[in-house]
Amino acid sequence: MGSHPALPVPTTAAGRDGLAAFLAAPERALVALDFDGTLAPIVPNPEDSRPHPDVPPALTRLAPLIGGLAVITGRAAADAARLGGFEALRGTPGFDRFTVLGAYGAERWTALDGRLTTPPAHPGVMAARADLPGIVRDALPSDRVHIEDKGGALAVHTRRAADPEAALEALREPLILLAARHALTVEPGRRVLELRPPGTDKGAALAELVRSARPSVVLYAGDDLGDLAAFEALVKLRDNGLPGVRVCSGSTEVPALVEACDLVVDGPAGVAALLSGLADAVAGTGDGNRADAG
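How each quantity is defined
- Residues numbered from 1 in each chain as written.
- Predicted model: local features only at pLDDT ≥ 70, side-chain atom pairs only at ≥ 80, totals over all residues.
- Heavy atoms only, no water.
- Helix = DSSP H or I, 4+ residues; strand = E, 2+ residues; numbered from the N terminus.
- Buried < 20%, exposed > 50% of the residue type's maximum accessible area, 1.4 Å probe, protein only.
- Phe/Tyr/Trp six-rings, centres within 6.5 Å; stacked < 30°, edge-to-face > 60°.
- Pairing = 2+ DSSP bridges.
- Axes fitted to C-alpha atoms, helices over the stretch in contact; angles between N-to-C directions.
- Salt bridge = Lys/Arg side-chain N within 4 Å of Asp/Glu carboxyl O.
- Parallel < 35°, antiparallel > 145°, perpendicular 65-115°, else oblique.
- Left-handed = near helix turned anticlockwise from the far one by under 90°.
- Contact = heavy atoms within 4.5 Å.
- Nonpolar A, V, L, I, M, F, W, Y, C, P; charged D, E, K, R; others polar.
- Core = buried A, V, L, I, M, F, W, Y, C linked by side-chain atoms within 4.5 Å.

1. Some thoughts on unusual backbone geometry
Then comes step 1: In the Ramachandran plot, Ala-183 falls in the positive-phi region, its phi being about 55 degrees despite a non-glycine side chain.
Then comes step 2: A positive phi is found at Arg-191, a non-glycine position, where the angle reads about 55 degrees.
Then comes step 3: Here Arg-191 shows up in the loop between strand E8 (185–189) and strand E9 (192–196).
Then comes step 4: On the basis of relative accessible area, Arg-191 is assigned to the partly exposed category, the value being 25%.

See below:
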C-alpha cells in the first residue's frame, strides 16, 4: 500500500501496521468513535454539544467506503443520536451500518431502522439520583456545577465552577461514598465525575461490537480517561491478531491518554480531518467503494 500524504503517521509500529491493514481492506474495517471531546468539542452545558462542523461531511464520505461505523459514548444512545444529528443521516449511503452504543454499551441505537434498545433502570442509579443533588450542595454550597442525568448513569460536571479542579476534588470523596452505598462505580473524566453501574465500560462495548461485526481491522478514537478501557481492549484484540489503531483526540487535560495511543490529532477538528483523509485514501485505492456491500 503506497503512502498517503493526507494521513498522519502513527508513532507506534502497531499503529502503522493497523493503518496499513485499514487501507488494504477498508471494506472490512470498523471505525468506532467517542462523542464528546472527539466528534464534538467539550462545552460547559452538555445539552449544547454538537459535532464539529467538519465531522458530518467526513462521516458521510467515509461511511459507504468501510465495513462499519459506530459511536461509543457514556451518553444515552438517543441523546447522542439526536445531538450528533445522526438521525438526519439515516438513509445516507453506508449509514445502514451505523450504530450508537450509549451508556457505555448498555444502550443501542441503529441507523438502519432507528431502533433504540435500552436495559431496565439500574436500582443503584435510581437511588443515587435522589441523593445526588443534596450531596453536591453540601460539598459545594456556593459553587456552580451541573448534574447530567444520562438515564443509565449520573455525571457531575465542574467546568462551570470558579475553580473546576478544586470543585472536582471536593466532590470526589462524597461521590465515592455515594457510589459505594448503591453498588456503583465512579469514573473520573475531563472535569467530570460519573456514577454508573459496574461492568459497563467502553472496552467491553468495543469488544462486543468487534465480536458481532467481525472486522479485519479496528480504529478507535477517544479523548478522555473513559476511553482508556477501549484502548486497552484494542491492545488485547491486537495481541490476538486483529490489527488496530488507537487515536487520541488531543487535549492538555488528559495527558495519560496521549501516552496510551498510536496517533494524536488536534481535537474534534483533527478527528474530522483524519476521517476525511481516510476517505480520500480509500477512494484513491479504487477498491474502497462498497456502498452495496453487506
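2. Some words on the packing of aromatic side chains
Then comes step 1: One pass over the structure, following the stated rule, counts 5 aromatic pairs.
Then comes step 2: Measuring from centroid to centroid gives 6.4 Å for Phe-98 and Trp-109, while their planes differ by 70 degrees, and the two rings are edge-to-face. Note that Phe-98 is positioned in strand E3 (residues 98–102) and Trp-109 in strand E4 (residues 107–110), a separation of 11 residues in sequence. Each member of the pair, Phe-98 as well as Trp-109, carries the same accessibility label: buried.
Then comes step 3: Ring plane angle 85 degrees and centroid distance 6.0 Å describe the contact between Tyr-220 and Phe-231, whose orientation is recorded as edge-to-face.

3. Here's the deal with the sheet that holds E8
Then comes step 1: The sheet built from 4 strands is open, its strands ordered E6-E7-E9-E8 with antiparallel pairing. If you trace the sheet from one side to the other, it starts and ends with strand E6 (146–149) and E8, each paired once. Each strand of the sheet is rotated relative to its neighbour by a mean of 20 degrees, with strand direction disregarded.
Then comes step 2: Note: E8 against E9, 5 bridges, orientation antiparallel.

4. Remarks on the pattern of salt bridges
Then comes step 1: Scanning the model with the defined rule gives 19 salt bridges in all.
Then comes step 2: One salt bridge connects Arg-82 with Asp-79, and the closest N-O pair in it is separated by 3.4 Å. Note that Arg-82 and Asp-79 are positioned in helix H3 (residues 77–83) at a spacing of 3 residues, about one turn of the helix.
Then comes step 3: By relative accessible area, which is 26% here, Asp-79 ends up partly exposed.
Then comes step 4: The partner of Arg-211 in a salt bridge is Glu-208, and the shortest N-O contact between them spans 3.0 Å.

5. As for the packing of helix H6 (residues 202–213) against helix H7 (residues 228–239)
Then comes step 1: The N-to-C vectors of H6 and H7 enclose an angle of 40 degrees; their axes lie 6 Å apart at closest approach. What the angle tells us is that H6 and H7 run oblique. Taken as a pair, H6 and H7 cross one another with a handedness that is right-handed. Taken together, the residues of H7 that come into contact with H6 (itself represented by Lys-202, Gly-203, Leu-206 and Val-210) are Ala-229, Ala-230, Ala-233, Leu-234 and Leu-237.
Then comes step 2: For the contact of H6 with H7, the per-class residue count stands at 7 nonpolar, 1 polar and 1 charged.

6. Examining the environment of Arg-238
Then comes step 1: Residue position: Arg-238 is located in helix H7.
Then comes step 2: Judged by its relative accessible area of 18%, Arg-238 falls in the buried class.
Then comes step 3: Considering only alpha carbons, one finds Arg-238 and Gly-18, 220 residues apart in sequence, at a separation of 8.9 Å.
Then comes step 4: Setting aside chain neighbours within four positions, we find Arg-238 in contact with Ala-14, Gly-15, Pro-243, Gly-244, Val-245, Arg-246 and Asp-262.

7. Observations concerning the nonpolar core
Then comes step 1: The biggest cluster of nonpolar side chains holds 45 residues, and the ones touching the most others in it are Phe-22 and Phe-86.
Then comes step 2: Ranked by the residues each element gives to this core, the list is headed by helix H9 (residues 267–285), at 8 residues.
Then comes step 3: Residues contacting Phe-22, with those up to four places away along its chain left out, are Ala-29, Val-31, Ile-66, Val-217, Leu-219, Leu-278 and Val-282.
Then comes step 4: Formed by 21 residues, the second largest nonpolar core is a distinct cluster that contains Ala-70, Leu-206, Leu-209 and Phe-231.

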